[in-house]
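A structural walkthrough
Listed below, chain by chain, are the residues.
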Amino acid sequence: AQSVSQHNHHVILSEAASLELGCNYSYGGTVNLFWYVQYPGQHLQLLLKYFSGDPLVKGIKGFEAEFIKSKFSFNLRKPSVQWSDTAEYFCAVNARPDTGGFKTIFGAGTRLFVKA
Amino acid sequence: EAGVTQFPSHSVIEKGQTVTLRCDPISGHDNLYWYRRVMGKEIKFLLHFVKESKQDESGMPNNRFLAERTGGTYSTLKVQPAELEDSGVYFCASSGRQAVGYTFGSGTRLTVV
């Protein structure tokens, strides 16, 4: 069965610090990978996605993620975080296309708190 | 375009009662998904509709949960009778034919007391 593991449940950083959130998945076939973010009081929204091509993908707000197939990883990075990046971040994977829809498996989430 | 709308945003019910959650997907999105998050744990898949058909309901916890999507538009998720362990946030999401990622609703926070 597919699964997604996020390494850290809570991360606390100061503004301008660099961020890396780990994500590993278990599935032997072709996958699509996502990072979603939920800001306080808001709904989940897509941060970035990887389907194919360049394994380094860039998303909104300066975030990027690198797909390393050999390590089954899709870590999220940002060179310099801001207070407004305080949120919960979810890594997600889907691997079974059917009729154009995908069942997506989510990790447990990482709560990031950025100190001003 | 309007996003995914969920109603109600919060619901507090007593054990044994019935609750119905509603989701209105983005117009034209054939794929509709229900997920649940319990007590800060992972967001767990419940089921997937393609139009009005249940494509995958492998995540439904038990037969107290009934999901429908009559006409392939909005969907309802009924819990009857509710138990304490059903408490959590129920998310709905929709996507078009190309899976460019889901659009999520804001969720319904269900508390069973």
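Note that the structure is a prediction, hence the values are computed from the model and not measured.

Quick word on the side chain of A:Lys78
Residue and element names in this part refer to chain A.
- Structurally, the position occupied by lysine 78 is in strand β9 (residues 73–78).
- Of the residues examined, lysine 78 reaches a relative accessible area of 7% and is grouped as buried.
- The contacts of lysine 78, once residues within four sequence positions are left out, are Ala17, Ser18, Leu19, Lys61, Gly62, Phe63 and Asp85.

Points about the environment of B:Arg36
All names here are of chain B.
- Here arginine 36 is to be found in strand β4 (residues 31–37).
- When the C-alpha atoms of arginine 36 and serine 75 are compared, they prove to be 15 Å apart, with 39 residues separating the residues in sequence.
- In this structure, arginine 36 is in contact with Glu42, Ile43, Lys44, Leu46, Pro61, Phe65, Glu85, Asp86, Val89 and Tyr90, ignoring residues within four places of it in sequence.
- Here tyrosine 90 takes part through its side chain, which lies 3.1 Å from a polar atom of the side chain of arginine 36.

Describing the pattern of salt bridges
- Inspection of every chain in the model, using the stated rule, returns twelve salt bridges over all chains.
- Linking A:Arg111 and A:Glu88 is a salt bridge whose minimum nitrogen-to-oxygen distance equals 3.7 Å. Here A:Arg111 is found in strand β12 (residues 110–115), whereas its partner A:Glu88 is found in strand β10 (residues 87–98), with 23 residues between them in sequence.
- Classification of A:Arg111 by relative accessible area gives partly exposed; the value is 43%.
- Its relative accessible area of 7% is what places A:Glu88 among the buried residues.
- A salt bridge links B:Lys54 to B:Glu57, with the shortest nitrogen-to-oxygen separation between them at 4.0 Å.
- Among the charged side chains, a network of salt bridges with common partners joins A:Lys58, A:Glu64, A:Glu66 and A:Arg77.

What about the state of the cysteines?
Residues and elements named next belong to chain B.
- Across all of its chains, the model carries two disulfides over all chains by this definition.
- One disulfide in the model links cysteine 23 with cysteine 92; its S-S distance is 1.8 Å. Linking cysteine 23 and cysteine 92, the disulfide has an S-S dihedral of approximately -65° and is accordingly described as left-handed. Of this pair, cysteine 23 sits in strand β3 (residues 19–24) while cysteine 92 sits in strand β9 (residues 88–95), and the two are 69 residues apart along the sequence.

Comments concerning the packing of aromatic side chains
- Scanning the model with the defined rule gives 17 aromatic pairs over all chains in all.
- Measuring from centroid to centroid gives 6.1 Å for B:Phe91 and B:Phe104, while their planes differ by 90°, and the two rings are edge-to-face. Separated by 13 residues along the polypeptide, B:Phe91 in strand β9 and B:Phe104 in strand β10 (residues 103–104) bring together distant segments of the chain.
- Of the aromatic side chains, those joined through ring pairs into one cluster are A:Phe34, A:Tyr36, A:Phe51, A:Phe106, B:Tyr33, B:Tyr35, B:Phe45, B:Phe91, B:Tyr102 and B:Phe104.
- One residue, B:Arg22, lies across the ring of B:Tyr74, its end atom 3.7 Å from the ring centre.

Comments concerning the sheet that holds β3(B)
All names here are of chain B.
- Here four strands make up an open sheet; going across it, the order is β1-β3-β8-β7 and the pairing antiparallel. Edge positions in the sheet fall to β1 (5–7) and β7 (65–68), since each has one partner strand and no second. Here the strands of the sheet are splayed against their neighbours by 15° on average, with no regard to which way each runs.
- Alignment of β7 against strand β8 (residues 75–79), held across four bridges, turns out to be antiparallel. Following the sheet pairing, glutamate 68 is matched in β8 by threonine 76.

Cut-offs applied
Residues numbered from 1 in each chain as written. Chains lettered and ligands numbered in written order. Predicted model: local features only at pLDDT ≥ 70, side-chain atom pairs only at ≥ 80, totals over all residues. Heavy atoms only, no water. Helix = DSSP H or I, 4+ residues; strand = E, 2+ residues; numbered from the N terminus. Buried < 20%, exposed > 50% of the residue type's maximum accessible area, 1.4 Å probe, protein only. Contact = heavy atoms within 4.5 Å. Polar contact = N/O pair within 3.5 Å; in protein donor to acceptor, adjacent residues only side chain to side chain. Salt bridge = Lys/Arg side-chain N within 4 Å of Asp/Glu carboxyl O. Disulfide = S-S within 2.5 Å. Phe/Tyr/Trp six-rings, centres within 6.5 Å; stacked < 30°, edge-to-face > 60°. Lys NZ or Arg CZ within 6 Å of the ring centre and 35° of its normal. Pairing = 2+ DSSP bridges. Axes fitted to C-alpha atoms, helices over the stretch in contact; angles between N-to-C directions.

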